[in-house]
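Fold and geometry: a report
Okay, here's what each chain looks like letter by letter:
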Amino acid sequence: DAFKCYITGIGEAAIPFLVDALETAIAGGEALTGPYEYIIIALSLVSRDTRPDKVYACLRGCFRTMRHKVIGAICVGDYGDPRGIALLKGYLDRNAGKFDRQEFYEILSSIKRLGGTTHDIHDPFRDFSARG
């Protein structure tokens, strides 16, 4: 929380440094866990008003390389760029059966926050299936 408050206090001036740290980590094959998740969260918060393309590209790259996608999915949704709908739906399509319940529903929530529809997405957990 302290890091998030610090970065949001700096505002948009922090964006290039956050993007650089994340791109360097991705290029170096780092696992985007722990401290990197905090950087991703801070980046999505400080950039959601202006939504620079470079930030969306960075968030997309982070989401794609993260082993645990929950934080990435939430950040893509919080960022607010509708291009995230295709990213998240594509992930669900390519990885059917390879994600857990929390990951699936966080992705659905982000798709909805971005303005997307979810009626065409198969619910592998059948939580919303008609019961006969």
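In case you missed it, the structure is sitting above this.
Residues numbered from 1 in each chain as written. Predicted model: local features only at pLDDT ≥ 70, side-chain atom pairs only at ≥ 80, totals over all residues. Heavy atoms only, no water.

Once that is clear, we can look at the packing of aromatic side chains. In total, this model carries six aromatic pairs according to the counting rule given. With centroids separated by 5.3 Å and ring planes inclined at 80 degrees, the aromatic side chains of Phe63 and Tyr91 adopt a geometry described as edge-to-face. Residue Phe63 is located in helix H4 (residues 53-65), and its partner Tyr91 is located in helix H6 (residues 83-94); the two are separated by 28 residues in the primary sequence. Considering the side-chain rings of Tyr105 and Phe125, the 6.2 Å spacing of their centres and the 45 degrees angle between planes classify their relative orientation as tilted. (Phe/Tyr/Trp six-rings, centres within 6.5 Å; stacked < 30°, edge-to-face > 60°. Helix = DSSP H or I, 4+ residues; strand = E, 2+ residues; numbered from the N terminus.)

Our focus in this paragraph is a nonpolar patch on the surface. Taken together, the side chains of Phe3, Tyr6, Ile10 and Tyr38 define a hydrophobic patch exposed on the protein surface, amounting to about 430 Å² of accessible area. By residue number, the principal contributor to the nonpolar patch is helix H1 (residues 2-10), which donates three residues. The residue Phe3 is located in helix H1 in this model. Residue classification places Phe3 among the partly exposed residues on the basis of a relative accessible area of 35%. (Patch = residues over 30% accessible without salt bridge, like charges linked within 9 Å, V, L, I, M, F, W, Y side chains within 5 Å. Areas by Shrake-Rupley, 256 points an atom, 1.4 Å probe, with all protein chains shown as cover. Salt bridge = Lys/Arg side-chain N within 4 Å of Asp/Glu carboxyl O. Buried < 20%, exposed > 50% of the residue type's maximum accessible area, 1.4 Å probe, protein only.)

The next point concerns the environment of Lys89. Following the sequence through the fold, Lys89 ends up in helix H6. Counting along the chain gives 55 residues from Lys89 to Gly34, while the straight-line C-alpha distance between them is 25 Å. For Lys89, the contacting residues outside a window of four places in its chain are Ile111, Thr117, Asp120 and Ile121. A distance of 3.2 Å separates a polar atom in the side chain of Lys89 from a polar atom in the side chain of Asp120. (Contact = heavy atoms within 4.5 Å. Polar contact = N/O pair within 3.5 Å; in protein donor to acceptor, adjacent residues only side chain to side chain.)

Now for helix H3 (residues 35-47). For H3, which comprises 13 residues, the first-to-last C-alpha distance of 18 Å matches the rise-based estimate of 18 Å (1.5 Å per residue) to within 8%. The set of residues buried in H3 consists of Tyr36, Glu37, Ile39, Ile40, Ala42, Leu43, Ser44, Val46 and Ser47. Contact partners of the buried residues in H3: H1, helix H2 (15-27), H4 and helix H5 (70-79). (Expected span 1.5 Å × (residues − 1).)

H4 packs onto H2 with a crossing angle of 30 degrees between their chain directions and a minimal axis gap of 10 Å. Regarding H2 and H4, the two cross each other, and that crossing is left-handed. Counted together, Ile15, Val19, Leu22, Glu23 and Ile26 of H2 and Lys54, Val55, Cys58, Gly61, Cys62 and Thr65 of H4 form the full contact between these two elements. Taken together, the residues that form the contact of H2 with H4 break down as seven nonpolar, two polar and two charged. (Axes fitted to C-alpha atoms, helices over the stretch in contact; angles between N-to-C directions. Left-handed = near helix turned anticlockwise from the far one by under 90°. Nonpolar A, V, L, I, M, F, W, Y, C, P; charged D, E, K, R; others polar.)

What follows covers the pattern of salt bridges. Inspection of the entire model under this criterion finds six salt bridges. Note that Lys4 is salt-bridged to Asp1, the shortest N-O span being 3.9 Å. Classification of Lys4 by relative accessible area gives partly exposed; the value is 32%. Between Arg83 and Asp81 there is a salt bridge, with the nearest N and O atoms lying 2.7 Å from each other. One salt-bridge network, held together by shared partners, links Asp53, Asp81 and Arg83.

Treat this as a map of the structure, not an account of what it does.
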